[in-house]
Amino acid sequence: AMAAGIAAGGGKPVYGVYSTFVQRTYDQIAQDLCINNSPATIVTFCGSVYGMNDVTHLGLYDIPMMANIPNLVYLAPTTKEEYLAMLDWSIEQNEYPVAIKLPGGSVISDGKEITKDFGDLNKYEVTQEGSKVAVIGLGTFYGLGKEVAGELKKVTGTDATVINPYYITGIDAELLEELKKDHDVVITLEDGILDGGFGEKIARFYGDSDMKVLNFGLKKEFLDRYDVAEVLKENHLTKEQIVKDVKNVL
């Protein structure tokens, strides 16, 4: 509420918060911030399977919760450089309330210069050109997406397209339409609950087409004191499991 007031008064607030505590202020984000389109920035931490694992402090529900509030732009960087570029853009712009979902686990630095205009909303980036299979890896799971593409090449000989979507709150309809020309399967990977999440937006887009869509993420449940490797395996989130599932539909 304070951030919304500062933004309404012409200030540039940046509110850093653990994902689990965003759940406690949903109404303020919607009513105080987004209805007024106030350009505050929210940075969410530990919204990840790699985050806190106490059942009362899980941060796994931020994508379905925040990605469906009107006016909010929710971004998912994959590296330190992308995060800092998104933060700079968010602070400089005056059009939208913005949230940035920090990657779970260690934040990777690749030294890449980011020139993207994040104000050109919902424009994804193709980082590897391919055909037949497209892998859309959101935020934390972009790295897993690259691993899946490598494993798919090794097992099937298929050169997959790899996509960094950046935007949790919207779809790149032009790019998704283009994929129909030479792709049969689209995979989505997200570090959060599948129900109401990012992948379902992609699946809905392809609902009236012949494109097969496989959504990978976490099932809706309350976890407590869990082992990350076990949870990933239970949810078919290893590269080997994902490639096996893809082979079954090719």
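Please refer to the structure higher up on the page.
Residues numbered from 1 in each chain as written. Predicted model: local features only at pLDDT ≥ 70, side-chain atom pairs only at ≥ 80, totals over all residues. Heavy atoms only, no water.

Another aspect to go through is the pattern of salt bridges. Overall, the coordinates contain 9 salt bridges when judged by the stated rule. Note that Lys101 and Asp62 form a salt bridge whose closest N and O atoms lie 2.9 Å from each other. Remark: Asp62 occurs in helix α4 (residues 62-66) and Lys101 occurs in strand β4 (residues 98-101); sequence separation between them is 39 residues. Of the residues examined, Asp62 reaches a relative accessible area of 0% and is grouped as buried. (Salt bridge = Lys/Arg side-chain N within 4 Å of Asp/Glu carboxyl O. Helix = DSSP H or I, 4+ residues; strand = E, 2+ residues; numbered from the N terminus. Buried < 20%, exposed > 50% of the residue type's maximum accessible area, 1.4 Å probe, protein only.)

Further remarks concern the sheet that holds strand β5 (residues 125-128). In spatial order, the strands read β5-β7-β6-β8-β9; together these 5 strands make up an open sheet with mixed pairing. Here the strands that pair on one side only, and so sit at the sheet edges, are β5 and β9 (212-218). Here the strands of the sheet are splayed against their neighbours by 25° on average, with no regard to which way each runs. For strand β6 (residues 132-137) and strand β7 (residues 161-164), the ladder comprises 3 bridges, and the chain directions are parallel. Residue pairing for β7: Ile136 is matched across the bridge by Ile163. (Pairing = 2+ DSSP bridges. Axes fitted to C-alpha atoms, helices over the stretch in contact; angles between N-to-C directions.)

This paragraph deals with the nonpolar core. Membership of the largest hydrophobic core comes to 33 residues, with the highest contact counts inside it found for Leu179, Val186 and Ile202. Secondary-structure elements contributing two or more residues to this core are α1 (2-8), α3 (26-34), α4, β6, α7 (173-179) and α8 (198-205). Looking at this core element by element, the count peaks at 4 residues for α3. With residues up to four places along the chain from it excluded, the contact list for Ile202 reads Tyr124, Ile136, Ile171, Leu176, Val186 and Thr188. One finds Tyr61, Ile187, Leu218 and Val246 within the second-largest nonpolar core, a separate group that totals 29 residues. (Core = buried A, V, L, I, M, F, W, Y, C linked by side-chain atoms within 4.5 Å. Contact = heavy atoms within 4.5 Å.)

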